Amino acid sequence: MLCCPECSKTCSRSDTAPKRTWRHLDTMQFTTEIQAAVPRSKCLTCGVKTTSVPWAGKHSRFTLMFEAFGIRVLQSAANVSRAAELLGLSWDSVHSLIERAVHRGIDRRSLDSVHHVGMDEKSLGKGHDYVSVMTDIDHRRVLEVTEGRTIAAADELWQALDENQREDVESVSMDMWQAFMTSGEKNAPNAEIVHDKFHISKYLGDAVDKVRRQEHRELKAEGDDRLTGLRQMLLYNEENLNEDQQIDLHILQKSDLRTGRAWALKENFRHFWDSDGEVAGKRFFDGWYGWAMRSRLEPIKRVARMLKAHLPGLMSYFNHHVTNALSEGFNSKIQSIKSAARGFRSFKNYRLRILFYCGKLDLNPIIPSH
């Protein structure tokens, strides 16, 4: 008598499946394989099925011990190709190992205490191909990745959580991308949208650079190269500048250049996040906004108008004090994954790699003790 692998009922034996091979851990540097002809059960409910084996998972060509070892190699190697070389496997075999590990990890993970999430975008390939990424800020992990950055793509991200879990989400940190905002309001009705300080800093940095480029062209036409080589310096926070850059900045601040005024507006807005609550934050913003609108710097004024239009999302920061710093950190890690793979032609493979390396999943198979 056998046990049906589908319903676990006792049933009779049908026949024996063709001999199969499983890759096992090497023995004294020699490739080791397990070969067996596995019996097939004849279940009245499920029909004829190949029975399970204790040393490997369903449909796997590796033993459980080899899978666990392969996962450790993949997590340690510089890239998947290098891991494949160390394991003596083809790229397809290693990809299969990753896919099984991620599916196993997703089935096991707990999502019952997700209260603060982040939503961000990341490029998939060249041009305007993007993926949307949802992170669990509290547990520092990627929850899901979807193709595109539309409302439908954002809605798909939220499907990682069931309805009750979505109702428990208290805040969603994001850029001012309308698709993310619309989806967040629809799928997480109890959550406040928090506009992320890192994206706002980037908007202001880009505005300063636009002012610099226009003014640099005007000065160059007059033979004045005072702004040459200052682009990167103006994007840094003041405390991150070296001694030479500090001197250049001091000279710029003493000048009457528009770029210096734009930089001062950008740098001053950082104090908004240090405000003591919503009332103080609103008071600071009103003062800064008036300064920005009187600056006669159109790129800065455009950002100021955008921030005012999304002011509730800025004010909600003082209720939750969350940012997308985690997403920004994952963006660096995801870029490393992408660079190591020399890009991805398939979104499916991109998603699997991100979840494998950034999902904090329990990837290892359960090896039965004897």
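Structure shown above.
Residues numbered from 1 in each chain as written. Predicted model: local features only at pLDDT ≥ 70, side-chain atom pairs only at ≥ 80, totals over all residues. Heavy atoms only, no water.

## Things to note about the pattern of salt bridges
And step 1. Using the criterion set out here, one finds 21 salt bridges in the structure.
And step 2. In this structure, the salt-bridge partner of Asp-206 is Lys-202, at a minimum N-O distance of 3.2 Å. A residue pair is termed a helical-turn pair when its members lie 3 or 4 positions apart in one helix, as Asp-206 and Lys-202 do in helix H7 (residues 197–221) at four residues.
And step 3. Classification of Lys-202 by relative accessible area gives exposed; the value is 51%.
And step 4. Among the salt bridges present, the one from Asp-209 reaches Arg-212, with a minimum N-O distance of 3.0 Å. Linking Asp-209 with Arg-212, this pair stays in helix H7, spanning three residues, or about one helical turn. We note that Asp-209, like Arg-212, is buried.
And step 5. A cluster of three or more residues bridged by salt bridges with shared partners is formed by Glu-67, Arg-100 and Arg-104. (Salt bridge = Lys/Arg side-chain N within 4 Å of Asp/Glu carboxyl O. Helix = DSSP H or I, 4+ residues; strand = E, 2+ residues; numbered from the N terminus. Buried < 20%, exposed > 50% of the residue type's maximum accessible area, 1.4 Å probe, protein only.)

## Things to note about the nonpolar core
And step 1. Among the nonpolar cores identified, the biggest contains 38 residues, and Phe-269, Phe-285, Trp-288, Leu-307 and Leu-314 are the most heavily contacted of them.
And step 2. If you list the elements that add at least two residues to this core, you get H7, helix H8 (231–235), helix H9 (243–254), helix H10 (258–268), helix H11 (278–294), helix H12 (298–309), helix H13 (311–315) and helix H14 (317–320).
And step 3. For this core, the element with the highest residue contribution is H7, accounting for six residues.
And step 4. For Leu-307, the residues in contact, after removing those within four places along its chain, are Met-176, Ile-200, Phe-269, Phe-285, Trp-288 and Leu-314.
And step 5. Of all hydrophobic cores here, the second largest spans 35 residues; its members include Phe-66, Val-94, Tyr-350 and Leu-363. (Core = buried A, V, L, I, M, F, W, Y, C linked by side-chain atoms within 4.5 Å. Contact = heavy atoms within 4.5 Å.)

## Some remarks on the side chain of Arg-104
And step 1. As for its position among the elements, Arg-104 is in helix H3 (residues 91–108).
And step 2. Polar side-chain contacts of Arg-104 include one of 2.8 Å to the backbone oxygen of Leu-363. (Polar contact = N/O pair within 3.5 Å; in protein donor to acceptor, adjacent residues only side chain to side chain.)

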